[in-house]
Structure formats: C-alpha cells, structure tokens
Amino acid sequence: MFNNRDSDIILGIPLSSNVSIDTWSWEGERTGEFSVKSAYSMLQQQKRAEEMAANSDIWRQLWQLKVPPKVKNFLWRAVTARAGCYGGRYAVEVIEAMGIKEALSWVKTNNWQHVQIETDSLVSV
C-alpha cells in the first residue's frame, strides 16, 4: 500500500506509552452523549459568533460616517431590528416609517427645497 520510504516513516512514529481505552465523547452535552438538539445549538452559537465577527467592520464604518448622530442611531436601530436582534421587536413597517421620518427631519434641518423621497412602504404613504 505504501512505498518503502513512507512505510519506514510511518513505522518510525513513536506510540504513546500511556495505555488507556479510547472513548467517544460529545462536548456539546455535559453527559458526553450526542443529541441533535445539542448539535443544532452548537452550530447556532458558532453561526452567531461568525456573524458578529463579520459585522464588526460594518459597525466600525457606520460609527465613522460623517452624518448626524441621530442618523447613525437610526441606522443602528433599523439594522438590529431587521436582523432580529432584541427578539425582532420592531416590525418592518415601523422601521420603514422611522426611516421616512428621519429623512424628512434631515431635509428640514438642512433647509433643503425640492427633495424627492422614494419608498415602497404603502403603510407610510
């Protein structure tokens, strides 16, 4: 199966002097026994950790934007609500209405004239 060189290298690997019986163990449960529930839970935790790491650059860029603090706050609230953070306690329609309100407030603060705001929110129109 192996050529002479490879078999010599494999046979030259020292074996452990610790003699013990191998056992199976699952770290997702205190008992060490596998369950689909614990595997699902472990995967969800892993997924959240990866998403948080991936989003850290987005948040850093958001806080560095040259916009009024209330716009940054609105964007943060909209993204976290849309992503289901805080139990997804904001409905999409509420977030859209908040966005329109913030846009109108920004237009008024900057004393802009002849501004068009587009939205697909039929609830807010």
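Throughout what follows, the structure given in this document is the object of discussion. On a predicted model such as this, the values are computed, not experimentally measured, just so you know. (Residues numbered from 1 in each chain as written. Predicted model: local features only at pLDDT ≥ 70, side-chain atom pairs only at ≥ 80, totals over all residues. Heavy atoms only, no water.)

Quick notes on the overall build of the chain
Phase 1 of the analysis: When helices and strands are counted, the chain shows four helices and zero strands.
Phase 2 of the analysis: In the chain, the succession of helices and strands from N to C terminus is α-α-α-α.
Phase 3 of the analysis: A buried classification covers 14% of the 125 residues belonging to the chain.
Phase 4 of the analysis: For the chain, the proportion of contacts with a sequence separation of at least 24, taken over those separated by at least 6, is 28%.
Phase 5 of the analysis: Working note: accessible area of the chain is about 11300 Å², and carbon and sulfur atoms make up 57% of it. (Helix = DSSP H or I, 4+ residues; strand = E, 2+ residues; numbered from the N terminus. Buried < 20%, exposed > 50% of the residue type's maximum accessible area, 1.4 Å probe, protein only. Contact = heavy atoms within 4.5 Å. Areas by Shrake-Rupley, 256 points an atom, 1.4 Å probe, with all protein chains shown as cover.)

Describing a nonpolar patch on the surface
Phase 1 of the analysis: A surface patch of nonpolar side chains, amounting to about 510 Å² of accessible area, comprises Met1, Phe2, Ile10 and Ile13.
Phase 2 of the analysis: Along the chain, Ile10 falls in helix H1 (residues 4–11). (Patch = residues over 30% accessible without salt bridge, like charges linked within 9 Å, V, L, I, M, F, W, Y side chains within 5 Å. Salt bridge = Lys/Arg side-chain N within 4 Å of Asp/Glu carboxyl O.)

Details of the environment of Ile100
Phase 1 of the analysis: Looking at the secondary structure, you find Ile100 in helix H4 (residues 92–109).
Phase 2 of the analysis: Taking the C-alpha atoms as reference points, Ile100 and Glu118, 18 residues apart in sequence, are found 8.9 Å from one another.

A look at the pattern of salt bridges
Phase 1 of the analysis: By the definition in use, this model includes one salt bridge.
Phase 2 of the analysis: Residue Arg5 pairs with Asp6 through a salt bridge whose shortest N-O separation is 3.3 Å.
Phase 3 of the analysis: With a relative accessible area of 57%, Arg5 lands in the exposed category.
Phase 4 of the analysis: For Asp6, a relative accessible area of 26% gives the class partly exposed.

Some remarks on unusual backbone geometry
Phase 1 of the analysis: Positive phi outside glycine occurs at Asn111, with the angle close to 55°.
Phase 2 of the analysis: Within the secondary structure, Asn111 sits in the segment after H4.
Phase 3 of the analysis: Judged by its relative accessible area of 60%, Asn111 falls in the exposed class.

Some words on the side chain of Lys72
Phase 1 of the analysis: With respect to the element layout, Lys72 can be found in helix H3 (residues 69–82).
Phase 2 of the analysis: For Lys72, the contacting residues outside a window of four places in its chain are Leu62, Trp63, Leu65 and Val67.

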